Every structure is written in structure tokens, then in C-alpha cells.
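Tertiary structure, described
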Amino acid sequence: MAKEVKTIGVLTSGGDAPGMNAAIRAVVRSAIHKGLKVKGIMRGYAGLLQEEIVDMDTTSVSDIMHRGGTILYTARCAEFTTAEGQELGAEICRKNGIDGIVVIGGDGSFRGAGKLAALGINTIGVPGTIDLDVACTDYTIGFDTAVNTAMEAIDKVRDTSTSHERCSIIEVMGRNAGYIALWCGFANGAEDVLLPERYDGDEQGLINRIIDNRKRGKRHNIIINAEGIGHSVSMARRIEAATGIETRATILGHMQRGGTPTCKDRVYASIMGAKAAMLLAEGKSNRVVAYKNGEYMDLDIQEALSMKKDIPEDQYEIFKMLVR
């Protein structure tokens, strides 16, 4: 028997991502359309444990679609990784009349959602991370905006790198996933891309390719370095010492998390948020909303967390073919 749900909460957890506000708006308005009450939980699981809970209505989410970040704020919460913290979170939900929660975040947030579901709080996850590293889905909220932000920044770095005939190491975000790096490698026509999933640490091979490019008449090099590899500044020093070519490191950093969400992030996030609210209205729990093979779907949280994801080998091989 599906559990009757009358009041739901919504929170954003972990790193912020452009489009989270569109998802929040969709959760709130879809839930109200289904006759449910909605409460916003501030600062993720940390705010839940502190009972930072506010009532939300349709006007609470007016004029937020175009804003980056999250109006509910976000945080990481070590306490919620413990059984005591999880039990306290479930107790606070019951105290505040919250029957179910939509959790917008990444894998770590989904693990917490699964624990709440096991404690009797209906929980639905929505993938929100710029890293695109949630294995169960082809799309995560914020990736499209982040990769476009990085692409535009790299175009600008290329201009000055060309003017000074430099080699530029440009570090993009993504934690231990190389999706932003690979996409920027394609979109910016980079001479090399270093991915955590593929880079073997052969820096001498990288240096040799830079030297070969210069011999072929190429006056600049753009190398996209993923955050999971890092050490861009020291890498630039070593490359300059080995090649004699002026080499600079640029770390794009948290600018990739901010900014106005793209149309794709607004639309996909809205659909995912609405579907999450509808699943709760149906009494469903322990599910993740995903976008797979061109369709929106939902699946069990534990099943989703057990999945593995890797850079598509054909895409990586095509990138290497195009830069040779």
C-alpha cells in the first residue's frame, strides 16, 4: 500500500548547480497542484538537523528560474552520515509533519535520501551536480550551464595564449569525473585533454606533443586539465622548463557553478522536479528521477547508487583523432 503523503519538504544538498532553482520551483508548484503542502528545508541536511524549515507557496518560487545557485542554500553535513544523525532527521520530519522529501543533489545526497526512506520518510532524489557523475542518468542539473561557462572562458584564454604564443593549462571542475574537461576539449578545439578516467601520468608524452606541435608551426597550445588531476600550476612550470615555451596555468574554479542557467538546465530541471513531486503524491519512495536514452524515468535509489559510469571510449577516441 502506498503511504498517503500530505506535506513534503524540498532541499538542496552538496555543491550548488545552475538550474536547482528551476527544480525547486517545479517541486513546489507541482506539489501544490496535487493538493500537497510544501516546506522548504534550508541548507540541506545540515538545515534539517537544525530545523531550519519554512512554509512555501507558489509565490515563494516566483522569479527564481533565471537565478543561479539555490534559494534554499546548501551545505555538506558530516553528522547526517551517522545513524544518529539520520534518525534525528527522520524524527524532525515527523515533528514538522513532513511525510516526504525531494532531495536535489548528487550521489552523496542520494545516500542520505535512501537512509531517510528506510526510516519511513518517503524520499525522491533529483540529480543536481555540474560534474555529470551520477551513473544512473545521462543528464544532471547544472552540467550544461557549467560546461558552457567553461567553454566561453577557455575561448578568452585562447585569445591571449595565441597573442603571446604560449602554452596554456586550463583547469576545469568536475571532481573525479572528466566530463566537463572532455566536452571543453571538443568545444574549444584543445590540443590535449587530461581526464582522471584516462590520464596515465605520462607528462613526458604531453611535453613531446607540445614540442612536436611547435615544430609543425603551431604557435600556441591549449591543454584542458580536469580537477581530478589538478596540480596545474606546478605542471605548467615543469612544461615551461622542459620545452622553453612560456606556459601559464588558469584555474577556472567556482565561476563554473554560478551564472544564469541555460535553457536546457531550466527545462530539464523543471521536468525532473515536477516528476519528483508527482512520485511523492503517488506515495512512492526511495526513487531517483533520471534522464536516460532520451526519456525521463525513475529507479530505486540503491540500484542507482550501485551503477558505475565512465567516459565513453568512442568519444575519447574521436577527440584524440581530431587533434592529431
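This write-up is about the structure you can find in this document. If you're wondering where the values come from, they're calculated on a predicted model, not measured in any experiment.

Thresholds applied
- Residues numbered from 1 in each chain as written.
- Predicted model: local features only at pLDDT ≥ 70, side-chain atom pairs only at ≥ 80, totals over all residues.
- Heavy atoms only, no water.
- Helix = DSSP H or I, 4+ residues; strand = E, 2+ residues; numbered from the N terminus.
- Rg over C-alpha atoms; globule rule 2.2 N^0.38 Å.
- Buried < 20%, exposed > 50% of the residue type's maximum accessible area, 1.4 Å probe, protein only.
- Areas by Shrake-Rupley, 256 points an atom, 1.4 Å probe, with all protein chains shown as cover.
- Lys, Arg positive; Asp, Glu negative; His and termini not counted.
- Charge placed at Lys NZ, Arg CZ, Asp CG, Glu CD.
- Contact = heavy atoms within 4.5 Å.
- Salt bridge = Lys/Arg side-chain N within 4 Å of Asp/Glu carboxyl O.
- Axes fitted to C-alpha atoms, helices over the stretch in contact; angles between N-to-C directions.
- Parallel < 35°, antiparallel > 145°, perpendicular 65-115°, else oblique.
- Left-handed = near helix turned anticlockwise from the far one by under 90°.
- Nonpolar A, V, L, I, M, F, W, Y, C, P; charged D, E, K, R; others polar.
- Pairing = 2+ DSSP bridges.
- Core = buried A, V, L, I, M, F, W, Y, C linked by side-chain atoms within 4.5 Å.
- Disulfide = S-S within 2.5 Å.
- Patch = residues over 30% accessible without salt bridge, like charges linked within 9 Å, V, L, I, M, F, W, Y side chains within 5 Å.

Counting its regular elements, the protein chain contains eleven helices and eleven strands. Its C-alpha radius of gyration of 22 Å places the protein chain within 12% of the 20 Å reference for a compact globule of 324 residues. Taken along the three principal axes of its C-alpha coordinates, the protein chain extends 70 × 35 × 35 Å. Burial analysis of the protein chain (324 residues in total) assigns 54% to the buried set. Surface accessibility of the protein chain: about 14,100 Å² in total, with carbon and sulfur atoms responsible for 49%. A distance of 2 Å separates the average location of the 39 positive side-chain charges in the protein chain from that of its 42 negative side-chain charges.

Those residues of helix 6 (residues 179-187) that sit buried are Y179, I180, A181, L182, C184 and G185. If you follow the buried residues of helix 6, they end up packed against helix 5 (143-163), strand 6 (167-172), strand 7 (192-194), strand 8 (221-226) and helix 11 (313-323). Of the residues one or two after helix 6, G189 is the one with positive phi, at around 60°.

We now examine the pattern of salt bridges. Pairs may arise between side chains of opposite charge once their charged atoms sit close together. Within this structure, the stated rule accounts for 17 salt bridges. Residues K292 and D138 are paired through a salt bridge, measuring 3.4 Å at the closest nitrogen-oxygen approach. Residue K292 is found in strand 10 (residues 287-292), and its partner D138 is found in the loop between strand 5 (122-127) and helix 5; the two are separated by 154 residues along the sequence. The class for D138 is partly exposed, based on a relative accessible area of 38%. Bridged by salt links that share partners, the residues D131, D133 and R175 form one connected network.

It is worth spelling out the side chain of T149 at this point. Among the structural elements, T149 can be located in helix 5. A relative accessible area of 18% places T149 in the buried class. Leave out the neighbours within four places in its chain, and T149 touches M255, Q256 and G258.

With that settled, consider the packing of helix 5 against helix 6. Running from amino to carboxyl end, helix 5 crosses helix 6 at an angle of 50°, the nearest separation of the two axes being 10 Å. The angle between helix 5 and helix 6 places the two elements in the oblique class. Where helix 5 crosses over helix 6, the two elements pack in a sense that is right-handed. Taken together, the residues of helix 6 that come into contact with helix 5 (itself represented by F143, A146, V147, A150, M151 and I154) are Y179, I180, W183, C184 and A187. Residue composition of the contact of helix 5 with helix 6, by class: eleven nonpolar, no polar and no charged.

Inspection of the sheet shows strand 5 paired to strand 10 by two bridges, in the parallel sense. By the bridge assignment for strand 10, I124 is matched with R287. Note that strand 10 and strand 11 (residues 295-300) share six bridges and pair antiparallel. Within strand 11, the position partnered with V289 by the bridge is D298. Taking the residues that link successive antiparallel strands as the turn, the strand 10-strand 11 hairpin has two residues, and the phi of N293 there is positive, at about 50°.

Attention now goes to the nonpolar core. Counting residues in hydrophobic clusters, the biggest one holds 62 residues, and the most contacted among them are M56, I104, I180 and I224. Ranked by size, the runner-up nonpolar core spans 25 residues in total, among them L116, V134, C136 and I301.

This paragraph deals with the state of the cysteines. A complete count under the given rule lists zero disulfides for this structure. With no disulfide of its own, C167 has C184 as its nearest cysteine by sulfur position, at a separation of 17 Å. By relative accessible area, which is 0% here, C167 ends up buried.

As a further point, take a nonpolar patch on the surface. Judged by side-chain polarity, F186, I318, M321 and L322 come together as a nonpolar surface patch covering roughly 390 Å² of accessible area. No other element matches the three residues that helix 11 contributes to the nonpolar patch. As for its placement among the helices and strands, F186 is situated in helix 6. The partly exposed category is assigned to F186, whose relative accessible area is 32%.

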